[in-house]
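# Architecture and fold: a report
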Amino acid sequence: MTPNLILFLILALVAVATALGMLFSKNAVYSALFLVLNFVTVAVFYLLLGAPFIAMAQITVYAGAIMVLFLFVIMLLGAERLPDTHVLPWQKPLATVLTVILALESTYLLWTKARPSGAVLPPGAEVNTVDNLRAMAMTLFNDYLLPFEVTSVLLLVAMVGVIVLVRREKGQKS
Amino acid sequence: MVPLSWYLIFAAALFSIGMFGVLSRRNAVAILLGIELMLNSVNINLAAFWRYGDVHLMAGQVFAIIVFAVAAAEVAVGLALVISVYRSRRTVVADEIDMMKW
């Protein structure tokens, strides 16, 4: 049992537990808060993998910006609790069956097939995070400059779309 | 060192939990929360493949960053749609949003 393995197991346990907590809490605010904890745990996973930049981006973008937006909307609409009416009685059993099938199938396939023939980096070697970060910035702004710019246009389009969607027409009362 | 397949199985477990959330929850905001979990689990795969493949090829991390931006755009549009539906129907229950049903 290496320290990395112990860390991995603890983190995986916490992440799955918080994801299940997100699933089974009746109150949507608790769901969102469980998901924040899950995102922070996944950020520690990125640190474990030697990718500090995406770990920090995960915390600021996911756990920070996106989840605050979720909490805003939940509280704005008062959608914490919903009346307990079941229009589709077969929805939950069907969802359970489909999810169990997906989980078993993917676990089986990954367990049997996902064996890398030989890692380029010897397993156990640490990556140099600073060099790594510099190389990532060079890649992002040289080779992937066009996708990067397209992403910024995508964000702009999303912003305009959101404003158009929630804008009130003149004279319209909410 | 943790085997690569453990990371992939862990990500698949998170993805399955997220999918169960999308399929079984009735609150439209909770469905979006499930989608976020699914996108996030895909990012774990990207980072793990980067780490266990060639560490000098940074494409895995770059893709993860692009997925972040796409997730942010997706959640903004999704929540705007939820707010817009709430204004006209006074509900966020997915069962009751049935304007496209004939």
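One structure accompanies this document, and this report is about it. (Residues numbered from 1 in each chain as written. Chains lettered and ligands numbered in written order. Predicted model: local features only at pLDDT ≥ 70, side-chain atom pairs only at ≥ 80, totals over all residues. Heavy atoms only, no water.)

## Considerations on the interface of chain B and chain A
Counting residues at the interface gives 69 residues for chain B, matched by 89 residues for chain A. For the pair chain B and chain A, the summed buried area comes to about 7,100 Å², and 77% of that belongs to carbon and sulfur atoms. When the buried area of chain B at its contact with chain A is split by residue, Phe20(B), Leu33(B) and Phe68(B) rank highest and sum to 10% of it. At the boundary of chain B and chain A, one finds 0 salt bridges. Counting across the interface, chain B meets chain A through 8 residue pairs in polar contact (both at pLDDT 80 or more). (Contact = heavy atoms within 4.5 Å. Buried area = accessible area lost by both parts, 1.4 Å probe. Salt bridge = Lys/Arg side-chain N within 4 Å of Asp/Glu carboxyl O. Polar contact = N/O pair within 3.5 Å; in protein donor to acceptor, adjacent residues only side chain to side chain.)

## Let's talk about the environment of Leu82(A)
Mapped onto the elements, Leu82(A) comes out in the loop between α3 (52-77) and α4 (91-113). For Leu82(A), a relative accessible area of 26% puts it in the partly exposed group. Once the C-alpha coordinates of Leu82(A) and Asn142(A) are considered, the two residues, 60 residues apart in sequence, prove to be 49 Å apart. Non-local contacts of Leu82(A), meaning those with residues more than four positions away in its chain, are made with Arg26(B), Asn27(B), Val92(B) and Val93(B). (Helix = DSSP H or I, 4+ residues; strand = E, 2+ residues; numbered from the N terminus. Buried < 20%, exposed > 50% of the residue type's maximum accessible area, 1.4 Å probe, protein only.)

## Things to note about the packing of α4(A) against helix α1 (residues 4-24) of chain B
For the pair α4(A) and α1(B), interaxial distance at closest approach is 9 Å and the crossing angle is 165 degrees. If you check the angle between α4(A) and α1(B), you find them roughly antiparallel. Between α4(A) and α1(B) lies a crossing of right-handed hand. In this structure, α4(A) contributes Gln91(A), Lys92(A), Ala95(A), Thr96(A), Leu98(A), Thr99(A), Leu102(A), Ala103(A), Ser106(A), Thr107(A), Leu110(A) and Trp111(A) to the contact, and α1(B) contributes Ser5(B), Trp6(B), Leu8(B), Ile9(B), Ala12(B), Phe15(B), Ser16(B), Met19(B), Phe20(B), Leu23(B) and Ser24(B). For the contact of α4(A) with α1(B), a count of residues per class yields 14 nonpolar, 8 polar and 1 charged. (Axes fitted to C-alpha atoms, helices over the stretch in contact; angles between N-to-C directions. Parallel < 35°, antiparallel > 145°, perpendicular 65-115°, else oblique. Left-handed = near helix turned anticlockwise from the far one by under 90°. Nonpolar A, V, L, I, M, F, W, Y, C, P; charged D, E, K, R; others polar.)

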